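# Observations on the three-dimensional arrangement
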Amino acid sequence: MPAIVRVVDLYKDYFMGDVTVHVLKGLNLSFDEGDFIALMGPSGSGKSTLMNILGCLDRPTAGSYYLRDDDVAQMTDDELSEVRSTYLGFIFQAYNLLPQYTVVENIELPLVYQGAILTEETKARCVALAEMVGLAERLDHRPKQLSGGQQQRVAIARALVNDPQLILADEPTGNLDSRTSDEIMMMLTELNRAGKTIIMVTHENDIAEWARRVVRLRDGQVESDVRNDARTVVALP
Amino acid sequence: MSINIRDVPPAPVKATPGFLDLSRLNRSVLLAVRSLWLHKLRASLSVLGIVIGTSAVISLMAFGKGSMADALNDIKKQGTNIIVRSVKPSDDSSTGSRSFVVSYGLTFRDLERFETFGDTIGRTVPMRVFPSEVRYLERMQNARLVATTNDYAAVNHLQVARGRFITSEDNRNLTNNCVLGATLADRLFPTEDPIGQSVLVRGHRFRIVGVMDNRMPTGGTGGSSAAEDYNLDIYIPFSTCRARIGETVIVRASGSRSGEKVAISQVVLTVNADFETREGRERVKAVGESIKNILKEEHYKDDWAVTVPLDRLEEAERQQQRFTSLLVLIASISLIVGGIGIMNIMLATVTERTREIGIRRALGAKRRDIITQFLVEAVVQTTVGGLAGVIIGLGIVFGIPPLWNLITGSMLPALLSYWSILLSVGVSIVVGVMFGLYPAWQAARLDPIEALRHD
Ligand SMILES: Nc1ncnc2c1ncn2[C@@H]1O[C@H](COP(=O)(O)OP(=O)(O)OP(=O)(O)O)[C@@H](O)[C@H]1O
Ligand SMILES: [Mg+2]
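Every residue gets a number counted from 1 within its own chain, in the order that chain's sequence is written. The naming scheme follows written order: chains are lettered A onward, ligands numbered 1 onward. For this predicted model, a pLDDT threshold of at least 70 governs which residues receive local features, and a threshold of 80 or more governs which side-chain atom pairs are given and counted, while totals over whole chains, interfaces and linings are taken from all residues. Side-chain calculation: all heavy atoms of the structure are included, whereas hydrogens and water are not.

## Some details on the domain arrangement of chain B
- Boundaries between domains were set according to an automatic or database domain assignment. When the domains of chain B are assigned, the result is domain 1 (20–72 + 317–453) and domain 2 (123–266).
- Computed from C-alpha atoms alone, the centre-to-centre distance between domain 1 of chain B and domain 2 of chain B is 59 Å.

Written as structure tokens, this is what we have:
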């Protein structure tokens, strides 16, 4: 399988006054298209930092990041927006829905920034996505009227609306109970089966078990990198 | 639970954005309204300055224009007239030999000299004016006697209600015909038809040939022309007055009697010129100066005065211009203050909505999308504020004058100027852009990851 994401000698430093914090210390990683990767590691090991760089929200201090064959490190701000808009879908721990919009409008948002003209067709797609994640009854609700699990489903639908090749999820189940977490993980697994590449950060082993590959970071470096070949299919309790 | 991404309709093809995409603009405006709606009170308070500014511009402009219009119209009616009057000298130099009859004023020689202007002067209207009793049978009324020529009515914009005015034949033939002002006619002839009746004026009998229309008294619009009430006038031919009554007139005033010998009380000269043009105005002024020079030569006493109403017109126009620029200044200040109010709130909003900005950036928004969003919000606010100001301003312009009339009984003229509406709404929009730009830029400048981490 061709690599969809490749980082070479990736460094990230934070400068705080005279103190320089070295967070990522020469990472070399390659993720295949269609894979489902769990990023693990202790708090402060640099997982979110790496995810932000992979998500084109932040730039590395040194090193290269190839998204397919494009070197993202060289891109302008507008080009990075373009990449996020075209290739990436985000799922956040805190859901990050816009409170003033309804479920459907939240799902529509990435299309707006793709320059799509909103028509009945685009709306049909958003409604279909909302139905797919089980929110058929909640199309016109606002985020405040939804539970955490429901909000995260909206976020998943929103991450899918632009048909991204790579889905980045930083602790998508971090705020959810285990039952709801499993529902979300089943959805991500389904998406992965449908061909989406997923990179997910998690602290929990049983969540990581849903992934095909587990990469552990420690202190800004790769500590271990294992394939979950003997995947156990966890049944709902 | 089953989830199948393959059942979902495909993502739409990216549309190439047109230069001016109305549907997208429409949507931006809608979204801006939605965001503003979240904080209705705050949004309306922040545009209060704009609302007050625009309503003030519209209403002040209307009242200013309304009060000026009357004055300007009065002056404009005088057009290219030059008014030359006899003035009783304040103190006769011959104090010792104070005669009972004071002799002063314009003479027929002056009138002859005015004729040297030729075609420059269109109309020359001499007048002899003094108070006089007018009797009909046992009824008596104090009136203002005006001995003049046929052009008087035209020069003073007087309309005849019935019958006719004094004609040139009346003057040529020294007829004893007269015309009454509306009030005078009503008082002397409450029931009868005055036309054809005779009245007694200073021992002479005059036959009534016409009655004038009621006319609003002119407001004494500053300067030297006093307020005139034409309704108590009696008009007789100028030449008849000279022949029958003579130049010397005895006037009774509060018990004492005084006499004055005046040939002509006043002459109105109409200059052939267009007062709307610069050349026309210059010409009228030049004639006015020449007349003054003639009178200086002819009179050794200071017993005359020349008034050029056009001077007052220019003064009034300058005053109106000053007033307008003052209003524009006040309006600009209040709109700028309003703009600062908007900017202040917008900056707070940007800080408050940092996370929202981060989310939008993560979902693919470019810097210019964020700029557009906040700019549209600012412009929507100021536009709505400007329109609200227009509505309030119109309410004031049309609502206050009747109320004012009801309470004080006096008039409060207001004249709406349509360009003030366009101007104030236009300026509101510009203020929105000007003062929205900086906060919008602040919002767009944020680093996506910093914005996203903000809470
Ligand atoms: N903007 C920043 N400025 C300075 N230091 C930062 C900044 N962002 C992150 N760091 C530091 O970088 C290190 C890694 O942070 P990161 O958020 O990547 O950790 P993480 O692995 O995601 O941890 P967690 O599991 O708690 O989310 C931490 O020590 C943190 O203090
Ligand atoms: Mg983290």
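## Description of the nonpolar core
- The nonpolar core is taken to be a set of buried Ala, Val, Leu, Ile, Met, Phe, Trp, Tyr and Cys residues, with the residues joined through side-chain atoms within 4.5 Å. Three exposure classes are used, based on accessible area relative to the maximum for each residue type with a 1.4 Å probe and protein chains only: buried under 20%, partly exposed in between, and exposed over 50%. Grouped together as the largest cluster of nonpolar side chains are 56 residues, with contacts concentrated most on A:Leu50, A:Leu54, A:Tyr65, A:Leu166 and A:Ile199.
- The element best represented in this core is strand β2 (residues 19–32) of chain A, accounting for five residues.
- Contacts between residues were defined by any pair of non-hydrogen atoms, one from each residue, lying within 4.5 Å. Ignoring anything within four residues of it in the chain, the contact list for A:Ile199 reads A:Phe31, A:Ile37, A:Leu39, A:Met51, A:Leu54, A:Leu166, A:Ile167, A:Leu168 and A:Ala169.
- B:Ile82, B:Leu106, B:Cys178 and B:Phe238 belong to the second-largest nonpolar core, a separate cluster that totals 51 residues. The secondary structure listing takes helices from DSSP runs of H or I that are at least 4 residues long and strands from runs of E that are at least 2 residues long, numbered from the N terminus.

## Notes on the packing of helix α3 (residues 48–78) of chain B against helix α10 (residues 309–352) of chain B
Residues and elements named next belong to chain B.
- All axes are obtained by fitting lines to C-alpha atoms, using only the stretch in contact for helices, and the reported angles, taken between N-to-C directions, cover 0 to 180 degrees. Orientation of α3 relative to α10, taken along the N-to-C sense of each, is 180 degrees, at an axis distance of 9 Å. The angle between α3 and α10 places the two elements in the roughly antiparallel class.
- Of the residues contributing to the contact of α3 with α10, the split by class is 15 nonpolar, 11 polar and four charged. Any angle from 65 to 115 degrees is called roughly perpendicular, while one under 35 is roughly parallel, one over 145 is roughly antiparallel, and all others are oblique. Asp, Glu, Lys and Arg are counted as charged, while Ala, Val, Leu, Ile, Met, Phe, Trp, Tyr, Cys and Pro are counted as nonpolar; the rest, among them Gly, fall into the polar class.

## Digging into the domain arrangement of chain A
Residues and elements named next belong to chain A.
- In terms of domains, chain A is made up of domain 1 (3–87 + 164–227) and domain 2 (100–146 + 154–163).
- Summarising the inter-unit geometry, the C-alpha centres of domain 1 and domain 2 are found 25 Å apart.
- Between domain 1 and domain 2, the residue contacts involve 11 residues of the former and 10 residues of the latter.
- For the pair domain 1 and domain 2, the summed buried area comes to about 770 Å², and 63% of that belongs to carbon and sulfur atoms.
- When the buried surface of domain 1 facing domain 2 is broken down by residue, Ser-85, Pro-164 and Met-187 rank first, second and third, together holding 57% of it.
- One side-chain nitrogen of Lys or Arg within 4 Å of one carboxyl oxygen of Asp or Glu is enough to make a salt bridge. The partner of Lys-196 in a salt bridge is Asp-163, and the shortest N-O contact between them spans 2.6 Å.
- Definition of a polar contact: a pair of N or O atoms within 3.5 Å, with one able to donate and the other able to accept a hydrogen when the atoms are protein atoms, and with sequence-neighbouring residues admitted only if both atoms are side-chain atoms. Viewed at the interface, domain 2 and domain 1 are joined by three residue pairs in polar contact (both at pLDDT 80 or more).
- Of all the elements in the fold, those that place two or more residues in the side of domain 1 that touches domain 2 are α2 (77–87) and α6 (178–193).
- A per-element tally of the side of domain 1 that touches domain 2 places α6 first, with four residues. Note on definitions: buried area is the accessible-area loss of two parts on being combined, 1.4 Å probe, summed for both.

## Considerations on the pairing of strand β7 (residues 198–201) of chain B
All names here are of chain B.
- Every second residue of β7 is oriented toward a common face, the buried set being Val-199 and Val-201 and the non-buried set Ser-198 and Leu-200.
- A pair of strands is treated as paired once DSSP finds two or more bridges between them. Where strand β3 (residues 121–136) and β7 come together, two bridges link them in antiparallel fashion. Across the sheet, the residue bridging to Val-134 is Val-201, located in β7.
- The sheet contact formed by β7 and strand β8 (residues 204–212) spans four bridges and is antiparallel. Bridge pairing links Ser-198 to Arg-207 in β8.
- Between β7 and the antiparallel strand that follows it, β8, lie two residues; Arg-202 among them carries a positive phi value of about 50 degrees.

## Some remarks on the interface of chain B and chain A
- Facing the 39 residues of chain B at the interface are 49 residues of chain A.
- When the two sides are added together, the surface that chain B and chain A hide from each other amounts to roughly 4100 Å², 60% of it contributed by carbon and sulfur.
- At the junction of chain B with chain A, the criterion picks out five salt bridges.
- Between A:Glu105 and B:Arg34 there is a salt bridge, with its nearest N and O atoms 2.6 Å apart.
- Linking chain B to chain A there are 11 residue pairs in polar contact (both at pLDDT 80 or more).
- Secondary structure elements with two or more residues in the side of chain B that touches chain A: α1 (22–38), α11 (354–362), α12 (367–408) and α14 (448–453) of chain B.
- Ranked by residue count, the leading element in the side of chain B that touches chain A is α1(B), at seven residues.

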